[in-house]
Amino acid sequence: MFALAIGIGAQTQTGSTAPLSPEQRRQQAAEFYRTHYVKHEYRIAMRDGVKLYTVVYTPAAGQFDDAGPYPFLMSRTPYSCGNYDNDVVEPHVTQNPAIVRSGYILVCQDVRGRWESEGTWYEMTPSHDGKGIDESTDMYDTVDWLLKHVKGNNGKVGIMGISYPGFYTAASIVDGHPAIKAASPQAPIIDLWMGDDAYHGGTFMLDANHSFYAPFFAPQKNPLKEEPKNDFDFGTKDMYAYYLRMGTLANLDSYKGGTNAYFHDQVVHTTYDSYWKARDLETHMHGVKAAVLDVGGWFDAEDLAGPVKVFHAIDKLSPDAPENTLVEGPWVHGGWAGQSSSVLGDIHFGSDTASFYRENIEAPFFAHYLKDAPMAPLPKAYTFETGSNVWKKYDAWPPKQAVAKMIYFEPNGGLDWKAPKERDSKDEYVSDPAHPVPFTQYVAEADVPQRYMDDDQRFATRRGDVLVYESQPLKEDVTVAGPVKPMLKIASTGTDSDFIVKLIDVYPEDYKDPDAGADEGKHVTSATPVFMQGYEMMVRGEPMRAKFRNSWEKPEPLVSGKVTEVDFTMQDVNHTFLKGHRIMVQVQSSWFPLIDRNPQVFEDIAKAKPQDFVKATETVFHQADAASGIELMVMPK
């Protein structure tokens, strides 16, 4: 959902070994577009008469090795195609140099109700399956118009987009126009409440949503060429302090909190009600006639669930689609689009994985389906395996070879593949909403730091309100591929509680850090060094609100002190815990301000008052008749 700031990063060879600065790349790209593309602006009428702003960039005659005719490559966005009614040539479609330099008709469209397009905008426009106006009909009408009115086209259309444009990509191919031959929904929102931007495990993704809507994304009076002024100010860069001071969701959903109609909807619909169900695109991916490349990042802090969901939905509802391939790399939100992606935070991946994707997967995919260029067959799933830092090809996702195995919590912080035999074994901690566990060890600003997704968790290990379970050093590599499923036996003195589970890769204490600085062991006067010995890399972390343990629609209170099962499914991973490393699991009951605070009283949290937030003692059992652990999809040797 959240806006992905995409500059145009096409590059050429300059003969210089020094890397280009962002400004140099922008200037270079601007010059290329100015000399190679011709801009045309249209207001295209849809079947109900609403006109959508559409800017078309056609290849200039004689500037490309490919003399045409050319396919269309399109993106639809709520974030503005920009540069209205002027001669600035700046396509907002793709940054992939291999695509923009090979010759495509590039098309950007402001979706209905945003910027220069007429009509009313709806959050994740519900799909009407041919019984009304939706994103599929708008795309159909647009394609029909483009084919008839833009000269020099070859009759083929591709569509791509990241984040919200990824949603529009997926929604546009439902019962799609037959001319749409290729589509790539990248980090698409598919179900806002169920693991995408808005809610995870029934918890509200507080910081990301409020920092998106309050200062940035608001209703518009259309048509609109310039972004309206927004005076909202957090007043601090410390979001932990800000949200703790604001106290409740009700305070944020107010004038002081910078609320608007969009944010209000996110806040008040706290269960999986009809509002959210109507916006679940997963159940509508039928009639897909295009080849599809579903793209995501293992460390996407925003739309981690979408790529896997749309991949499975198309397989189920459109099995005759010519291609449906899942690609997952070690990327943050949109991290494959224009920059190098060899590192995230302190973790190195050994190569520029983004360039590999753009040159070897994305560009050949579109060239094959839109230009009939030869392409090596794609696997069903093309995934980067973190830990071992290698690309993998699978004929199914999760891989058919993967076997579900439980790894269990043990007394004294142990973690083992064998089920516990103790008759009475448990751990306790006190969860205090007034002192929630932070999700980073550093001060985080309004935009959620994407690096938190693989950050060091040693700061959390040292807190008394975080339980830690750790295996012995591994005697051989352990590779997991697929969803991660915590299965907890808990009791609480509260009538509701959150349980955040983190799967962690613990580096050996004798790890040889190739990036270790020369100042290790000396008095540190500069920035604090990072020591990778004993580093606790988060592989996956997800929250679960206990009142949703049996139903997303009808929450149920916990019975104080009663042993209760809290089982849930975390997002997929593909990670190897190397020999000598340890597997760790952390359990806690707050993750602030990444998710909203639970008052630990059964109620509608959107209406909670400050006095409702109380301490609760949380118990996690690990005994023979109440075993806790996580189920991993483990690859055979």
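Thresholds, definitions, all that
- Residues numbered from 1 in each chain as written.
- Predicted model: local features only at pLDDT ≥ 70, side-chain atom pairs only at ≥ 80, totals over all residues.
- Heavy atoms only, no water.
- Helix = DSSP H or I, 4+ residues; strand = E, 2+ residues; numbered from the N terminus.
- Rg over C-alpha atoms; globule rule 2.2 N^0.38 Å.
- Buried < 20%, exposed > 50% of the residue type's maximum accessible area, 1.4 Å probe, protein only.
- Contact = heavy atoms within 4.5 Å.
- Areas by Shrake-Rupley, 256 points an atom, 1.4 Å probe, with all protein chains shown as cover.
- Lys, Arg positive; Asp, Glu negative; His and termini not counted.
- Charge placed at Lys NZ, Arg CZ, Asp CG, Glu CD.
- Salt bridge = Lys/Arg side-chain N within 4 Å of Asp/Glu carboxyl O.
- Phe/Tyr/Trp six-rings, centres within 6.5 Å; stacked < 30°, edge-to-face > 60°.
- Lys NZ or Arg CZ within 6 Å of the ring centre and 35° of its normal.
- Expected span 1.5 Å × (residues − 1).
- Arc of directions from axis to C-beta.
- Disulfide = S-S within 2.5 Å.
- Axes fitted to C-alpha atoms, helices over the stretch in contact; angles between N-to-C directions.
- Parallel < 35°, antiparallel > 145°, perpendicular 65-115°, else oblique.
- Nonpolar A, V, L, I, M, F, W, Y, C, P; charged D, E, K, R; others polar.
- Pairing = 2+ DSSP bridges.

Enquirer: Provide a residue-level description of the overall build of the protein chain, including the pertinent values.
Expert: Each helix and strand in the protein chain was counted, giving twelve helices and 26 strands. In terms of overall dimensions, the protein chain is globule-like: its C-alpha atoms have a radius of gyration of 25 Å, near the 26 Å expected for 637 residues. Scored against the burial criterion, the 637 residues of the protein chain give a buried share of 59%. When contacts within the protein chain are restricted to residue pairs at least 6 apart in sequence, long-range pairs at least 24 apart make up 79% of them. As displayed, the protein chain offers around 25400 Å² of accessible surface, 50% of which is attributable to carbon and sulfur atoms. Between the mean site of the 61 positive side-chain charges and the mean site of the 88 negative ones, the protein chain shows a separation of 1 Å.

Enquirer: Can you explain the pattern of salt bridges? Please cite residues and give values.
Expert: As enumerated under the stated definition, the model contains 23 salt bridges in all. Between Glu553 and Lys277 there is a salt bridge; the shortest N-O distance is 3.3 Å. Of the two residues, Glu553 sits in the loop between strand 21 (536-545) and strand 22 (564-567) while Lys277 sits in helix 9 (residues 274-277), which places them 276 residues apart along the sequence. Judged by relative accessible area, Glu553 falls into the partly exposed class, the value being 36%. Judged by its relative accessible area of 39%, Lys277 falls in the partly exposed class. Note that Asp456 is salt-bridged to Arg458, the shortest N-O span being 2.7 Å. Note on Asp456: relative accessible area 7%, which makes it buried. We classify Arg458 as buried; its relative accessible area is 16%. Within the structure, one salt-bridge network assembled from shared partners comprises Arg43, Asp85, Glu116 and Lys225.

Enquirer: Would you mind going over the packing of aromatic side chains in detail, with residue names and values included?
Expert: Here the distance between the centres and the angle between the planes together describe a pair of aromatic rings. One pass over the full model with this rule turns up 55 aromatic pairs. Taken together, a centroid distance of 5.5 Å and an interplanar angle of 55° make the contact between Trp331 and Trp336 tilted. Of the two residues examined, Trp331 and Trp336, each falls in the buried class. We note Arg114 situated over the ring of Trp121; from NZ or CZ to the ring centre the distance is 5.6 Å. When the ring centre of Tyr275 is taken as origin, the NZ or CZ atom of Arg279, which lies over that ring, is 3.9 Å away.

Enquirer: Go over unusual backbone geometry, please, and point to the residues and values.
Expert: Negative phi characterises most residues that are not glycine, and trans characterises most peptide bonds. A cis geometry characterises the amide bond from Gly68 onward to Pro69, with omega recorded as 0°. Checked against the element boundaries, Pro69 lands in the loop between strand 2 (51-59) and strand 3 (70-77). In this model, Trp397 is joined to Pro398 through a cis peptide bond whose omega is -5°. By the element assignment, Pro398 lies in the loop between strand 14 (390-394) and strand 15 (403-410). At Ala187, a residue that is not glycine, the phi angle is positive and equals roughly 45°. Examined against the element boundaries, Ala187 turns out to sit in the loop between strand 6 (180-186) and strand 7 (199-200). Overall, the relative accessible area of 0% leaves Ala187 in the buried class.

Enquirer: Would you mind going over helix 1 (residues 22-36) in detail, with residue names and values included?
Expert: Here helix 1 is 15 residues long and its end C-alpha atoms lie 21 Å apart, about the 21 Å a rise of 1.5 Å per residue gives. Of the positions making up helix 1, those classed as buried are Gln28, Ala29, Phe32, Tyr33 and His36. Projection of helix 1 onto a plane perpendicular to its axis shows the buried side chains occupying an angular sector of 130°, all on one side. Those residues of helix 1 that are buried lie in contact with strand 1 (37-45), strand 2 and helix 2 (97-100).

Enquirer: Could you give an account of the state of the cysteines, with specific residues and numbers?
Expert: Under the criterion given, the structure shown has one disulfide. One disulfide in the model links Cys81 with Cys108; its S-S distance is 2.2 Å. Judged by the sign of its S-S torsion, about -90°, the bond between Cys81 and Cys108 is left-handed. Pair noted here: Cys81 is in the loop between strand 3 and helix 2 and Cys108 is in strand 4 (residues 105-110), with a separation of 27 residues, a long-range link.

Enquirer: Now, about the packing of helix 5 (residues 206-213) against helix 6 (residues 239-246): what can you tell me, with residues and values included?
Expert: The contact between helix 5 and helix 6 brings their axes to 12 Å, and the two run at 85°. When the axes of helix 5 and helix 6 are compared, the pair comes out roughly perpendicular. Contact with helix 5, carried on its side by Leu206, Asp207, His210 and Ser211, involves Met239, Tyr242 and Tyr243 of helix 6 and no other residues of that element. Class assignment of the residues belonging to the contact of helix 5 with helix 6 gives a composition of four nonpolar, two polar and one charged.

Enquirer: Explain the sheet that holds strand 5 (residues 153-162) to me, and be specific about the residues and the numbers.
Expert: The strand order 1-2-4-3-5-6-9-10-13-14 describes an open sheet built from ten strands, whose pairing is mixed. Of all strands in the sheet, those with a lone pairing partner are strand 1 and strand 14, marking the two edges. Across the sheet, the mean angle from the axis of one strand to that of its neighbour is 20°, orientation sign disregarded. Alignment of strand 3 against strand 5, held across four bridges, turns out to be parallel. Bridge assignment links Met74 to a residue of strand 5, and that residue is Ile159. Against the sheet, helix 1 contacts strand 1 and strand 2, and its axis sits at roughly 75° relative to strand 1. Relative to strand 10 (residues 324-329), helix 10 (residues 306-317) is tilted by about 165°, and along the sheet it contacts strand 6, strand 9 (291-297) and strand 10.

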